[in-house]
Amino acid sequence: MARPLVIIGGYLTSPHDFRALAQALTQAPFHFQVFVTPIGRLRWALTRDWDFRPVLRIVRETVAQALRETGAQTVTILAHSVGGTVARMYLGDQPYKGEIYGGHRFVHHLIMLGTPHHSQEFWTRQTVGFTNRCYPGAYYNHVRYTSIIGRSIRANRRGRWIERMAYNSYVMIDGPAGAEAWGDGITTLTCAALPGAEYLVVPGLHHSPIHGRPWYGDPEGLRYWQRVLLSSAPVVV
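Residues numbered from 1 in each chain as written. Predicted model: local features only at pLDDT ≥ 70, side-chain atom pairs only at ≥ 80, totals over all residues. Heavy atoms only, no water.

This part is about the pattern of salt bridges. With the rule as written, the count across this model stands at seven salt bridges. Between D51 and R53 there is a salt bridge whose closest N-O contact spans 2.9 Å. Of the charged contacts, one joins E198 and R144 as a salt bridge, the two residues approaching to 3.0 Å between their closest N and O atoms. Placement of the pair is E198 in strand 8 (residues 198-203) and R144 in strand 5 (residues 144-151), with a sequence separation of 54 residues. Accessibility expressed as a relative area gives 36% for E198, which makes it partly exposed. (Salt bridge = Lys/Arg side-chain N within 4 Å of Asp/Glu carboxyl O. Helix = DSSP H or I, 4+ residues; strand = E, 2+ residues; numbered from the N terminus. Buried < 20%, exposed > 50% of the residue type's maximum accessible area, 1.4 Å probe, protein only.)

Take a look at the structure:
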């Protein structure tokens, strides 16, 4: 039976960044048919808080392609960073700038990797706010939500450059509480927790290769959270 999985990258990623992960997920013990949303670095760089529709349309088209090519009724979505916010928006039935996506009809499991679920960051603040207002928490009862976050870097304003970078990111998304927080280098443990969703903290996992290895896109990191993927199957009613 076909098991389609759609990967949505995070900000400034490209499909190439997930090639090794996608390949691993096609093999045992997973056996997914993987579709990576063709969102490149330039498309992400051009995306601004006031209009995420170009990215949402690509997600909609990729899910439709996955269903068409596999004959399945629903997909698993694996979303990295802000891709998790995009996925939550895609699930929704409320109009976003005049467009309704209603993707909850086509998704049985949303897995989010290092997704910040609240943020004061200037380029996502409005979008994250819209998502939380319209679809708070694990909003759709028939969709399984899982949030995975790495615990690899603690913020330190006067520490190594990677700790200072984490400090700046954590405070930006999590306010003063982020000043001494743990996270994956971009997202804090607290910020990754979505009310009502399954929540998994993975020691040593990083947000991107810049922050350290393994990162979410590394096949070698899979063993720490592969149980989530192995149990990702649609509920038969």
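Let's pick the thread back up.
Counted according to the given criterion, the structure contains zero disulfides. The thiol of C191 is unpaired, and the distance to the nearest cysteine sulfur, on C134, comes to 18 Å. (Disulfide = S-S within 2.5 Å.)

On to helix 5 (residues 125-134), then. Among the residues of helix 5, T127, V128, F130 and T131 are the ones counted as buried. Seen along its axis, helix 5 keeps its buried residues to an arc of 160°; they face one direction. Turned more than 90 degrees away from the buried face of helix 5 sit Q126 and R133, all of them exposed. For helix 5, the elements touching its buried residues are helix 4 (82-91). (Arc of directions from axis to C-beta. Contact = heavy atoms within 4.5 Å.)

That's the geometry; what it means functionally is another story.
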